Amino acid sequence: MKKDFIHIDDFTNDEIMQILNLAVEVKAKFKRRENYKPFKDHTLAMIFAKPSARTRISFETGFCRLGGHALYLNPNDIELGKREPPKDVARVISRYNDIIMARLFDHAHIIELAKYAEIPVINGLTDYNHPCQVMADILTIWEKRRHLDGLKVVFVGDGNNVVNSWLRLAMRLPLHFVCACPKNYTPDNQTVQLARDAGISTIEIVNDPFEAVPGADVVYTDVWASMGQKHELAARKKHFENFQVTSRLMDATGKTTYFMHCLPAQRGLETGDDVIESPNSIIFDQAENRMHAQNAIMLKLTDKV
Ligand code: CP
Ligand code: NVA
């Protein structure tokens, strides 16, 4: 049966660890510029309903470097859900290409794509989640710490799509995950419940960042208004002003703590140059690892490993 990557918990704990190991292996081959072309004669269709730098560049570059050809379909090309329903697009693309990666607004659309496609579908972000991001994040943390034992990750800001993926990762890997967010900006309730019910992680949703960060191995933030919500930014600024990741907040962890951000960042809002440019900021390693994590995900989904 074909496999998709729509939620990070689509993979078991063992599969996630296998993907992380594979990502490290494939990353090393990249760095050595080895002639490794498992996707020779393969094509990847990349559907974008929203803007992107990292997702587009990392998928396209990664797939091409592994011997394949990636097609970039911009928001005007397919107009998924408007010009054509996801179920038709899924079956058409399945006749041409080997993998679909899609960045969409409506999460129901990616589920429909996956249901009707005969080839693997990868979620490159929806309003609900961002699993490729969090796979790259955990790879980065694993590389830096060399283990994942006793990991405490504190997300400060909006309980958004990235947070939902962290919660779903917490269903597979034991974590202490804290989301410090304003009262009306908590993550998806059902997802919090799923993460708690899985019973392997400690999940806290709090409203005070200073209460959240002591002992954090990682402090993570993201924009206050995600794509599709940019018109709300002015109103959101009032609610988020106490949720900035400042140097003072980083110092309040009481230990050496990595700073992470999925990027793009709005300097002066959710964080600033002092934190972004600090020695413990690992945001560019994180961005780089998007490519290596995704390559491993694509190899796994196409049974090349
Ligand atoms: N982090 C991330 O997904 O970046 P892009 O929106 O630029 O793809
Ligand atoms: N939460 C952000 C992530 C961008 C990579 C957004 O959805 O816009």
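Residues numbered from 1 in each chain as written. Chains lettered and ligands numbered in written order. Predicted model: local features only at pLDDT ≥ 70, side-chain atom pairs only at ≥ 80, totals over all residues. Heavy atoms only, no water.

(A) Looking closely at the packing of helix H7 (residues 161-169) against helix H8 (residues 189-198). Closest axis-to-axis distance for the H7/H8 pair is 8 Å, and the angle between their directions is 20°. Classified by the angle their axes make, H7 and H8 are roughly parallel. When the axes of H7 and H8 are compared, the crossing they make is left-handed. Contacts between H7 and H8 involve Asn164, Leu167 and Arg168 on the former and, on the latter, Thr191, Val192, Leu194 and Ala195. (Axes fitted to C-alpha atoms, helices over the stretch in contact; angles between N-to-C directions. Helix = DSSP H or I, 4+ residues; strand = E, 2+ residues; numbered from the N terminus. Parallel < 35°, antiparallel > 145°, perpendicular 65-115°, else oblique. Left-handed = near helix turned anticlockwise from the far one by under 90°. Contact = heavy atoms within 4.5 Å.)

(B) Molecular detail of the side chain of Asp217. Relative to the helices and strands, Asp217 is located in the loop between helix H9 (209-212) and strand S8 (218-221). Classification of Asp217 by relative accessible area gives buried; the value is 8%. (Buried < 20%, exposed > 50% of the residue type's maximum accessible area, 1.4 Å probe, protein only.)

(C) How the structure looks around the nonpolar core. Within the largest apolar cluster, 61 residues are counted, with the highest numbers of intra-cluster contacts made by Phe5, Leu44, Ile122, Met135, Trp166, Leu169 and Phe177. Among the elements that take part in this core, helix H6 (residues 131-145) stands out by supplying eight residues, more than any other. If we ignore the near neighbours within four places in the chain, the residues touching Trp166 are Val134, Asp137, Ile138, Ile141, Val153, Leu175, Phe177 and Tyr220. One finds Ala212, Val219, Phe243 and Val275 within the second-largest nonpolar core, a separate group that totals 24 residues. (Core = buried A, V, L, I, M, F, W, Y, C linked by side-chain atoms within 4.5 Å.)

(D) Region of interest: the pairing of strand S6 (residues 176-180). Of all five residues in S6, four are buried, a share of seventy percent or more. In this sheet, S6 lies alongside strand S5 (residues 152-156) in parallel orientation, the contact comprising five bridges. Within S6, the residue paired with Val153 across the bridge is Phe177. Note that S6 and strand S7 (residues 202-206) share five bridges and pair parallel. Residue pairing in the sheet places Ala180 in a bridge with Val206 of S7. Handedness of the S6-H8-S7 crossover: right-handed. (Pairing = 2+ DSSP bridges. Right-handed = clockwise from strand over helix to strand, strands pointing away.)

(E) Structural detail: the site of ligand 1. Around ligand 1, the neighbouring residues are Ser52, Ala53, Arg54, Thr55, Arg103, His130, Gln133, Cys262, Leu263 and Arg290. His130 is positioned such that a nitrogen or oxygen atom in its side chain is 2.9 Å from an oxygen atom of ligand 1. Between ligand 1 and Arg290, the relevant distance is 2.9 Å, taken from an oxygen atom to a side-chain nitrogen or oxygen of the residue. Taken by itself ligand 1 offers 250 Å² of open surface, and the protein chains cover 96% of this. Residue composition of the shell around ligand 1, grouped by class: three nonpolar, four polar and three charged. (Near = heavy atom within 4 Å. Polar contact = N/O pair within 3.5 Å; in protein donor to acceptor, adjacent residues only side chain to side chain. Areas by Shrake-Rupley, 256 points an atom, 1.4 Å probe, with all protein chains shown as cover. Nonpolar A, V, L, I, M, F, W, Y, C, P; charged D, E, K, R; others polar.)

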